[in-house]
Amino acid sequence: MRKKIVAANWKMNMTQAESARFVESLVLDIGDITDVEVVIVPPFTAIAKVMEALGTSQSIKVGAQNMHWEPNGPFTGEISAALLRDLLVRYVVLGHSERRTLFRETDEIVNRKVRAAHEATLRPIVCVGETLEQRDKGNVGKILSIQLRGSLKDLNEKELQETVIAYEPVWAIGTGRNATPQQAQEAHAFIRRTLREMSDEATADRIRIQYGGSMKPENARDLMTQPDIDGALVGGASLDPRSFAQIVKAARDEK
Ligand code: PEP
């Protein structure tokens, strides 16, 4: 049985004061939920504030939105896994489509980061997904296979099990147009089959695959009832603590 994982990707939003207010509200609402893993992914500048606001509340974890693959050195403007671990960060989102497109991150770069994250005992959330053009040409499987095999290259079974995959169709991110539950399940099942080919059945069955792309309280339940959808990576709807809490509750209801 895979424990669902729901993460809030705040992107380049939320001041320290806003972050603290969000966390206080979220803890009151869902602080007692332990059967869903909840991860807040703030901008780097708010990580320490989110940690402080979480206090002794153990049920909500913190992630980062990116990192460099080197542990330290002359990389002005970059953050390493070691620096994130120093802040007690547990997860890191890697290969988000915004990074792949706007910052030219290739599967090879994502793979370097994924391996560096594991070395530092940070758990990567690795994003994959096709553009609308690729979908229209019937290339969804081909694209997902290339991204998975490239981004997860040379991971052992333990590392694969500790990796979370986020299926994020690019055409659904921030557009208000989510994949239908059937489209998402089809892609998730394909991802799990590919993971099986890359490792073995037991390993692939343990890997959690999140859906991301215009998830909202209104569509969360239908998406997360699908057998291979193990949670969500939420962008826009994660900026409001009530909407995000409703999505977490939808994940719990579907167990
Ligand atoms: C995302 O960027 O990871 C995302 C899923 O965004 P949104 O929920 O806004 O589509």
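In case you missed it, the structure is sitting above this.
Residues numbered from 1 in each chain as written. Predicted model: local features only at pLDDT ≥ 70, side-chain atom pairs only at ≥ 80, totals over all residues. Heavy atoms only, no water.

A separate point is the pattern of salt bridges. Where charged atoms of side chains with opposite charge meet at close range, the side chains can pair. Taken as a whole and assessed by the stated rule, the structure comprises 20 salt bridges. Across the pair lysine 249 and aspartate 29 runs a salt bridge whose closest N-O atoms are separated by 2.8 Å. Of this pair, lysine 249 sits in helix H12 (residues 241-253) while aspartate 29 sits in helix H1 (residues 16-30), placing them 220 residues apart in sequence. For lysine 249, a relative accessible area of 28% translates into the label partly exposed. The class of aspartate 29 is partly exposed, set by a relative accessible area of 29%. Put simply, lysine 137 and glutamate 133 hold a salt bridge, and the shortest N to O gap is 3.2 Å. Judged by relative accessible area, which is 57%, lysine 137 ranks as exposed. The exposure class assigned to glutamate 133 is exposed, which follows from its relative accessible area of 52%. (Salt bridge = Lys/Arg side-chain N within 4 Å of Asp/Glu carboxyl O. Helix = DSSP H or I, 4+ residues; strand = E, 2+ residues; numbered from the N terminus. Buried < 20%, exposed > 50% of the residue type's maximum accessible area, 1.4 Å probe, protein only.)

An ideal rise of 1.5 Å per residue puts 18 Å on 13 residues; helix H5 (residues 107-119) measures up with 18 Å between its terminal C-alpha atoms. Looking only at H5, the buried set comprises Asp107, Val110, Asn111, Lys113, Val114, Ala116, Ala117 and His118. Next to the buried residues of H5 lie helix H3 (81-86), strand S4 (91-94), helix H4 (97-102), strand S5 (123-128), helix H7 (140-151) and helix H8 (157-161). Two residues or fewer past H5, threonine 121 is found with a positive phi of approximately 55°. (Expected span 1.5 Å × (residues − 1). Contact = heavy atoms within 4.5 Å.)

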